[in-house]
Every structure is written in C-alpha cells, then in structure tokens.
Amino acid sequence: RRHTVTLPLNVAKLHAAIRRVTLARLAVPVLCGSSLRNKGVQPLLDAIVAYLPAPNESHHDLLRLYEHDLCALAFKVLHNKQRGPLVFVRIYAGTMKPQSAVYNINRENTERISRLLLPFADQQIEIPSLTAGNIALAVGLKQTVTGDTIVSSKSSALAVASRAAKEKGKTLGSSREQESLVLAGVEIPEPVFFCTIEPPSMSKQSDLDHALKCLQREDPSLKVKMDPDSGQTILCGMGELHIEIIHDRIRREYGIETYLGPLQVAYRETILQSISTTDTLDKSIGEKRHLVTIELGVSALPENSSATTSVIRYDDSVEQQLPLDVKEAIENGIQSSYFQGIKKIVKFYLNV
C-alpha cells in the first residue's frame, strides 16, 4: 500500500531557490502567456523583479570599473515637436541629474541634460534624479544617437580606461583607449535594399533632409546617401517593408509627400572554391623585350578570419626579387579588378 504525504510548500524558499540558480546561470525561468490577449504579462513582470539581479548585484567588469561614476546607455531616440529629441537612457552605474553636463564616448562630445522625464504611456513626469537600474527620458541631448554610451565627463572615461589598463598590466595609450569601455550598443548590418527618394518640389528638399536626419537618429539601420553623379538622395534600408514604413512616417509625421524610385537590391558576389590561372606576357617595348609569366591563385578567407582587407601573398621564390614599384603595380591591378566584381575579402597567391 502506498501512502501520499503532502508537505506544505514554502513559497518564499521556492522563489529564493529559483533566484539563486538564475543568478548562477544554472537555469532559466520560462513563463507562458500571450501579450495579444493580455495573459501572463503581470507574472512576467513579477518574475523579472523576483529572479533577475538588481543593479547592485551586477558584477560585470565594465560596471565595476565605473564604480559610482555615471554610466548609461542611450537605447532609443524619439522626436517630439515641442521638446525636440527625447533620448531613452538606462542607468547602469551612478546617478543622472537634470541640468548636468554628460560626455558621449561614441561621439566624443559633451552635452547638457536639461530635464529628466519618467514615461507613463503617453504621459511624462519630471523627476529630480535617476539611479542605477532605472529608465527615463533625457531632454537636451541633441547629438546622441541609439547605442551611445554616456558618462559623467571625459575625465571620468579616461580614469576608467586607466584603471582597466592597470588591471591588464598595460599603459594607457593616447589613441581612443576609452572606446573599448563602451556598453554594448546596436550592431547594424549593412543595408541591402535601396531606392531614390524625392520631395514634391525643390522647396521641400530642406524639410526632407531634416526629416531623414531625424529618422536616422531614431533608426541606425536607415542610411541616407547622395548619388555623386545624379545628385539624387538614396534611401537605404533593411528590406522593402522597412523602406515603406520610413516613407509612411515621412508623410504622417513630417507632412511631406515624397516619391520613391524603383526598389533595388545590393547584391554581393563571393568565391565558392579556390582557383588559379597562368598567363604569359611577351611584349617588346622599344628595343627591349619583356617576357613575364604570372600564376595567380584566388581563394576565400575562412569565415572566422579577422582580416578586414584582402591578403596578397607572394611566393617565397619571387618576393625578394620583385622591386617595390613592381609590387605596387601588381597589387593595384589586383585590387582594382576584384573591387569591380567580387566583394568578399579574398586571398591571393602570386608566382612571377
């Protein structure tokens, strides 16, 4: 005969155990719900408070270096007709106050925060300060864009860079050492869809330029460039829907009826397999005969390669024999050839 014994469930201990394994990254709490039907939203918010670490429990090396100095991330930008650009910021360390100057590490400039607002749906409440772990709207940051890291001052950024260099046993370099101490921003891939965009008249061109500038601050994946030949404005986005949304926002928010050209896709070419070829040049210039045999091999670099440009390597038997001007001519010829065709970084082997 089996007996079932029911023990009282200690809810507090259960929550503490879930929080303990979550902070240790041994388990991940999973909650079910549907935001469309407003099911499970409240338990999700409660679980965030109950199980995730508080700001003072974070032991990230970057935040530890800032200690009590300000370190914040601008993760979204909105444009308000009355207040101008509104920047959503999250404080990771320190305290942010209105009427204070802050330093943007990414843009390398200093700006002043005029007001701090706490958003509640379509309402904003002015607050006197913002501490670590909170999110608010900063008014007055005219140059800050999505993904920028904000600190209290340039000297604070240099002090953090100096502390990081001392821990690594290195000396602080004069080049942009503090750039390695920014928060993880937004990694935006290169846009692949593009089309021309034109205002209804030339008198609206300046208004369109202003609208596109504001939209680029809000959306880093949107790129705008000028065609040097035709003088047309080129709109570059991540897809057809992306460009259509931008087109609609320009009409609704800025009152400009723009015209879009045909949508085009920026295709890229790459190498699938290695290949080599040999060619011989036999030509007389003046009274001197020039006879050269060239063997050229092309192959793709590995996917995990850190190279950002093509790698040209000569055969050991000929590298020491080629004069510098001949090497420059060979490399210029190779680079001009693949620049017009294959876009992926390639590696060249050359025997002369």
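Quick caveat, the model's predicted, so the values are computed rather than measured.

1. What to know about the overall build of the chain
Part 1 of the reasoning: Scanning the chain for helices and strands turns up eight helices and 19 strands.
Part 2 of the reasoning: Counting all 352 residues of the chain, 29% fall into the buried class.
Part 3 of the reasoning: A separation of at least 24 residues holds for 63% of the contacts in the chain among residues at least 6 apart in sequence.
Part 4 of the reasoning: As displayed, the chain has an accessible area near 23,700 Å², and 53% of this comes from carbon and sulfur atoms.

2. Some thoughts on the nonpolar core
Part 1 of the reasoning: Ranked by size, the top nonpolar core spans 17 residues in total, and within it Val-89, Met-96, Ile-113, Leu-116, Leu-130, Leu-141 and Ile-150 carry the most contacts.
Part 2 of the reasoning: Residue assignment for this core shows that the elements contributing at least two residues are β1 (71-80), β2 (84-93) and β9 (135-139).
Part 3 of the reasoning: The contact partners of Leu-130, leaving out residues within four places of it in the chain, are Val-89, Ile-91, Gly-94, Thr-95, Met-96, Leu-116, Ile-135 and Ala-136.
Part 4 of the reasoning: Leu-62, Leu-73, Val-151 and Leu-183 belong to the second largest nonpolar core, which has 14 residues in total.

3. Structural notes on the pattern of salt bridges
Part 1 of the reasoning: Inspection of the entire model under this criterion finds seven salt bridges.
Part 2 of the reasoning: For Arg-249, the salt bridge identified is with Glu-218, shortest N-O distance 2.6 Å. Of this pair, Arg-249 sits in helix α6 (residues 240-254) while Glu-218 sits in helix α5 (residues 205-218), and the two are 31 residues apart along the sequence. Pair check on accessibility: Arg-249 and Glu-218 agree, each one buried.

4. A few points about the pairing of strand β13 (residues 233-237)
Part 1 of the reasoning: Counted residue by residue, β13 has five buried out of five residues, so it is predominantly covered.
Part 2 of the reasoning: Bridge analysis of strand β12 (residues 223-226) against β13 gives four bridges, and the strand direction is antiparallel. Bridged to Val-224 within β13 is Leu-235.
Part 3 of the reasoning: Counting the residues that bridge the hairpin from β12 to β13 gives six residues, and of these Gly-231 lies at a positive phi of roughly 75 degrees.

5. Topic: the environment of Pro-53
Part 1 of the reasoning: With respect to the helices, strands and loops of the structure, Pro-53 is situated in the loop between α2 (41-51) and α3 (61-66).
Part 2 of the reasoning: For the pair Pro-53 and Leu-23, spaced 30 residues apart in sequence, the C-alpha separation works out to 6.6 Å.
Part 3 of the reasoning: If we skip the residues at most four places from it in the chain, Pro-53 touches Arg-19 and Leu-23.

6. A short note on the sheet that holds strand β4 (residues 100-104)
Part 1 of the reasoning: Spatially, β5-β4-β10-β1-β2-β9-β6-β7 is the arrangement adopted by the eight strands of the open sheet, whose pairing is antiparallel. Two strands close off the open sheet at either side, each with one partner strand: β5 (109-113) and β7 (123-126). Within this sheet the neighbouring strands show an average axis-to-axis angle of 40 degrees, counted without direction.
Part 2 of the reasoning: Pairing geometry for β2 and β9, over five bridges, is antiparallel. Residue Val-89 lies in a different strand from β9, and its bridge partner there is Ala-136.
Part 3 of the reasoning: Sitting on the sheet, α5 is in contact with β1 and β2, with an inclination near 145 degrees to β1.

7. Digging into the side chain of Thr-196
Part 1 of the reasoning: Along the polypeptide, Thr-196 turns up in strand β11 (residues 193-198).
Part 2 of the reasoning: Beyond its immediate chain neighbours, meaning those up to four positions away, Thr-196 contacts Gln-232, Thr-233, Ile-234, Tyr-259, Leu-260 and Gly-261.

8. Details of the packing of α5 against α6
Part 1 of the reasoning: The N-to-C vectors of α5 and α6 enclose an angle of 115 degrees; their axes lie 11 Å apart at closest approach. Crossing angle aside, the handedness with which α5 passes α6 is right-handed. Of α6, the residues touching α5 (which contributes Leu-208, Ala-211, Leu-212, Cys-214, Leu-215 and Glu-218) are Ile-246, Arg-249, Ile-250 and Tyr-254.
Part 2 of the reasoning: Residue classes in the contact of α5 with α6 are distributed as eight nonpolar, no polar and two charged.

9. Some points on the environment of Thr-110
Part 1 of the reasoning: With respect to the helices, strands and loops of the structure, Thr-110 is situated in strand β5.
Part 2 of the reasoning: Remark: the alpha-carbon pair of Thr-110 and Ile-150, spanning 40 residues in sequence, is separated by 9.4 Å.
Part 3 of the reasoning: Discounting residues that sit within four places of it in the chain, Thr-110 has contacts with Ala-101, Val-102 and Tyr-103.

10. Some words on the packing of aromatic side chains
Part 1 of the reasoning: Evaluated as defined, the whole model comprises one aromatic pair.
Part 2 of the reasoning: Pairing Phe-75 with Phe-88 gives two aromatic rings, centres 5.9 Å apart and planes at 50 degrees, and the pair type is tilted. Remark: Phe-88 occurs in strand β2 and Phe-75 occurs in strand β1; sequence separation between them is 13 residues.
Part 3 of the reasoning: On the basis of relative accessible area, Phe-75 is assigned to the partly exposed category, the value being 34%.
Part 4 of the reasoning: In this structure, Lys-327 is placed above the aromatic ring of Tyr-314, and the distance from its NZ or CZ to the ring centre is 5.6 Å.

Cut-offs used in this document
Residues numbered from 1 in each chain as written. Predicted model: local features only at pLDDT ≥ 70, side-chain atom pairs only at ≥ 80, totals over all residues. Heavy atoms only, no water. Helix = DSSP H or I, 4+ residues; strand = E, 2+ residues; numbered from the N terminus. Buried < 20%, exposed > 50% of the residue type's maximum accessible area, 1.4 Å probe, protein only. Contact = heavy atoms within 4.5 Å. Areas by Shrake-Rupley, 256 points an atom, 1.4 Å probe, with all protein chains shown as cover. Core = buried A, V, L, I, M, F, W, Y, C linked by side-chain atoms within 4.5 Å. Salt bridge = Lys/Arg side-chain N within 4 Å of Asp/Glu carboxyl O. Pairing = 2+ DSSP bridges. Axes fitted to C-alpha atoms, helices over the stretch in contact; angles between N-to-C directions. Left-handed = near helix turned anticlockwise from the far one by under 90°. Nonpolar A, V, L, I, M, F, W, Y, C, P; charged D, E, K, R; others polar. Phe/Tyr/Trp six-rings, centres within 6.5 Å; stacked < 30°, edge-to-face > 60°. Lys NZ or Arg CZ within 6 Å of the ring centre and 35° of its normal.

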